[in-house]
Every structure is written in structure tokens, then in C-alpha cells.
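# Geometric and topological summary
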Amino acid sequence: MPGVVFDLDGTLIHSAPDIHAAVNRTLADEGADPLSLAQVAGFIGNGVPVLLQRVMAARHEAPDAARHADLVARFMRHYEADPATLTTIYPGVEAALCHLAGAGWKIGLCTNKPAAASWKILEHFGLSELFSVVIGGDSLPQRKPDPTPLLAAAAELDTDPVLFVGDSEIDAATALAAGLRFALFTEGYRHAPLHDLPHHGLFSHHDDLPALLDHLLI
Ligand SMILES: O=C(O)COP(=O)(O)O
Ligand SMILES: [Mg+2]
């Protein structure tokens, strides 16, 4: 049976509100002004260390490794304490995943979000049992768009072919580098226009995903 690896933020869940809240709690700890949801949503995609680099840049802070490490540690404490309260699952995700699992697809996750928080969120939405593997942004030395995490998730599924589903230019580049066929969810946290992202199929609602993935197998 085939396999499919999903990205998480912007693909299965709209997680920006909780990431935004954790950023602002991190800033509030030191009495700093909050950032807007749109600003923080624009920083998502390359994982937590890059998110906090972008927070520092938005505040016109010069790069500083110790300061950055402190922000990352405090952000993670806030985020892991409360990763899903404001997060919503995109419509049709649960049905699509259940349909795929019922049809025998093996399912994995490859996200730049740290693995423990990712598992916690999957559990919160009752989805964790559907996933055979989760590779997070802290699971390996490499992160997307390096293909290594996606190839590791695919290897863990131990099946062929494996498709990848994501929402961003990072995911498109990762799929290309890994040599996997890529389905792009159009309603996530992408910055670039659709035609700039290499993809094999597009969808804007998860109800359409099982048929699209079947089509990509042909
Ligand atoms: O945490 C991030 O920055 C991005 O996470 P994602 O890889 O699930 O989109
Ligand atoms: Mg994403």
C-alpha cells in the first residue's frame, strides 16, 4: 500500500494563533510589546529557531546567540504548556485521514515544529493513532527544506511510493530535493504565488485530498 507524509502547520492545522500567543507571552515576560498575528504567522515555516530569529529582527534586535537561545527556551516553555487551545484543524482533515488509513495508506508527519509539541497537538485532536511516524524540527540535525527529515519519515513508513503533502515553499523544495511527488494545500502559510512552487497537485479543501492522492499514484 502507498504512503503519505504530511506537513503540520498550515497543512493539517491552523496553528498560528497559539504560536502567536506563545511569542507574545515570551515578549510579555520581559515587558516587551506584542507582535501582531499576521506578523507572527509570516514567520512560521522554518522551525522555532528561525521563528525567534525573525521575532528578533522584527524588534530590530541585532543577532545575539545567547539572547536567541533564551528566547527559544522561553518560547518553547510557553508553547509546550499550551500548544492547541487556539489552534484549529482544517475542515475535512479528520475524515480525509480516516479515509486514507481505512484504504490502507501508511501515514507519517514531517514538520519543522518540535516533535513533542507535534505529538501533543495530534493527541489533542485525536489523530495521533493514525500516524506511524513523526519527524519534528528537533528530531534530526537537518530540517526541511533539507530532504533528510522527509526521507527519514518515508523510510520509516517502509512502503513505496510515498507522497508528500504540504503548504509552503519549504515543503515544495523539500519534496523536490527528496524526489517525492507533492500535493500542495493552497490555504496554509505560503508566501510565494502558487505557480512559483513546484507541485504535482493542488487542493484547497481536505475533502478533495483522497482522490487527489489516488490520482498522484497513477
Ligand atoms: O514550525 C514551523 O515553523 C513550521 O512547521 P511545519 O513544518 O509543520 O509547517
Ligand atoms: Mg507548513
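My aim in this report is to walk through the structure given alongside it, one point at a time. Fair warning: this is a prediction, and the values are worked out from it, not measured in the lab.

## Some details on the sheet that holds strand 1 (residues 3–6)
- Pairing in this open sheet of 6 strands is parallel, and the strands run 5-4-1-6-7-8 from one edge to the other. Sheet topology places strand 5 (133–135) and strand 8 (201–203) at the edges, where each strand pairs with a single neighbour. Pairwise comparison of adjacent strand axes, ignoring direction, gives a mean angle of 20° for this sheet.
- Judged from the 3 bridges that link them, strand 4 (residues 106–110) and strand 5 form a sheet pairing that is parallel.

## Focus: the packing of aromatic side chains
- As enumerated under the stated definition, the model contains 4 aromatic pairs in all.
- Note on F75 and Y79: the rings are 5.6 Å apart at their centroids and 10° apart in plane angle, and the pair reads as stacked. One end of the pair is F75 and the other is Y79, both in helix 4 (residues 65–81) and 4 residues apart, which spans about a single turn. Across the pair, exposure class does not vary: F75 and Y79 are buried alike.
- Ring geometry for F164 and F182: centres 5.8 Å apart, planes at 35°, overall tilted. Of this pair, F164 sits in strand 6 (residues 162–166) while F182 sits in strand 7 (residues 182–185), and the two are 18 residues apart along the sequence.

## Description of the side chain of S118
- Looking at the secondary structure, you find S118 in helix 6 (residues 115–124).
- Setting aside its immediate chain neighbours within four residues, S118 contacts L8, L109, T111, K113 and V134.

## Structural notes on the site of ligand 1
- Near ligand 1 you find D7, L8, D9, I44, G45, N46, G47, T111, N112, K113 and K144, and these make up its full shell.
- At 3.5 Å, a backbone N or O of N46 approaches an oxygen atom of ligand 1.
- Within the contact set of ligand 1, an oxygen atom lies 2.8 Å away from a backbone nitrogen or oxygen of N112.
- For ligand 1, whose accessible area on its own is 280 Å², the fraction buried by protein is 94%.
- Taken together, the residues of the shell around ligand 1 sort by class into 2 nonpolar, 5 polar and 4 charged.
- Inspection of the shell around ligand 1 shows a minimum of three residues originating in each of domain 1 (3–14 + 87–217) and domain 2 (16–81).

What counts, and where the lines are drawn
- Residues numbered from 1 in each chain as written.
- Chains lettered and ligands numbered in written order.
- Predicted model: local features only at pLDDT ≥ 70, side-chain atom pairs only at ≥ 80, totals over all residues.
- Heavy atoms only, no water.
- Pairing = 2+ DSSP bridges.
- Helix = DSSP H or I, 4+ residues; strand = E, 2+ residues; numbered from the N terminus.
- Axes fitted to C-alpha atoms, helices over the stretch in contact; angles between N-to-C directions.
- Phe/Tyr/Trp six-rings, centres within 6.5 Å; stacked < 30°, edge-to-face > 60°.
- Buried < 20%, exposed > 50% of the residue type's maximum accessible area, 1.4 Å probe, protein only.
- Contact = heavy atoms within 4.5 Å.
- Near = heavy atom within 4 Å.
- Polar contact = N/O pair within 3.5 Å; in protein donor to acceptor, adjacent residues only side chain to side chain.
- Areas by Shrake-Rupley, 256 points an atom, 1.4 Å probe, with all protein chains shown as cover.
- Nonpolar A, V, L, I, M, F, W, Y, C, P; charged D, E, K, R; others polar.
- Domains from an automatic or database assignment.

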